[in-house]
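What the coordinates show
Each chain, letter by letter, is given below.
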Amino acid sequence: DQNIVDEGYNLSVSSDGVIVAASSTSGFFYASQSLDQLIDKDLSICFLRINDHPRFPHRGLMLDVCRHFFDISTIKFILTEMSHYKLNKFHWHLTEDQGWRLEIKKYPKLTEIGSKRDSSPVIFNRTALDDVPYGPYFYTQAEVKEIVEFAKKLHIDVIPEIEMPGHSMASLASYPQHSCTGGPFKTRCNWGIESDIYCAGNDDTIQFLENVLDETTELFDSQFVHIGGDESPKERWKECPKC
């Protein structure tokens, strides 16, 4: 029924059976999710009529895998649960001060060095560290493609986040030449805000980020890449002659 908005559906249950109408495959998919939720344990279903469509086109969940890593099976579970609630955008937070989780073949040190840290905050006490090495944890490009295809079957877009210019300590620990000072650095163990960020006046840093984004966009078919932009102290830029 082309009169039904995209992702919307009409669902009716009567003595004649179940009738579903939609204008898109997403609409039929969401109708099936509602039907699954309506069926009782005895496999019965009440007579009813539902005319449903989303109020918002972007219905998202963000997962930070940098401070705490989640394996592929857990992410698939999360995506499946998202689909039951008709969420359609999975915001995958892949880079941070505390870890770089995406394989970039042009820059292997990002995962060789940046995917691990020496310690993490103690649970319920951010001022103390547990002195337990964390990582290396990251996703191969093959695993990323697997997640993107899995999500697509659930009508979920996967939006990658590559943080810049701040929250980049794991990257700078791997390639310190992209900072204003040249380092050396270590992947950050504490949560919070880091003063060292990407050098805005260094052409090599800009080229590095372009190359990272080139590989990233080959893996994802989302219209968007989230680049962060928040919590980027400018003191290094003010002192850096290149900036």
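What comes next concerns the included structure. (Residues numbered from 1 in each chain as written. Predicted model: local features only at pLDDT ≥ 70, side-chain atom pairs only at ≥ 80, totals over all residues. Heavy atoms only, no water.)

1. Quick look at the sheet that holds strand β3 (residues 48-52)
An order of β2-β1-β3 is seen for the three strands of this open sheet, with the pairing classed as antiparallel. Edge positions in the open sheet fall to β2 (17-22) and β3, since each of these has one partner strand only. Recorded for the sheet is a direction-independent mean angle of 5° between the axes of neighbouring strands. Helix α1 (residues 25-38) contacts β1 (9-14), β2 and β3 of the sheet and is inclined by roughly 40° relative to β1. (Pairing = 2+ DSSP bridges. Helix = DSSP H or I, 4+ residues; strand = E, 2+ residues; numbered from the N terminus. Axes fitted to C-alpha atoms, helices over the stretch in contact; angles between N-to-C directions. Contact = heavy atoms within 4.5 Å.)

2. Side note on the pairing of strand β4 (residues 60-64)
Looking at chain direction, β4 and strand β5 (residues 89-93) are connected through five bridges and run parallel. Across the sheet, the residue bridging to M62 is H91, located in β5. Handedness of the crossover joining β4 and β5 through helix α2 (residues 72-84) is recorded here as right-handed. (Right-handed = clockwise from strand over helix to strand, strands pointing away.)

3. Here's the deal with the pattern of salt bridges
Counted under the stated rule, the structure contains ten salt bridges. In this structure, the salt-bridge partner of R188 is E194, at a minimum N-O distance of 2.7 Å. One exposure class covers both R188 and E194, and it is buried. Notably, a salt bridge pairs D196 with R236, separated by 2.8 Å at the nearest N-O pair. (Salt bridge = Lys/Arg side-chain N within 4 Å of Asp/Glu carboxyl O. Buried < 20%, exposed > 50% of the residue type's maximum accessible area, 1.4 Å probe, protein only.)

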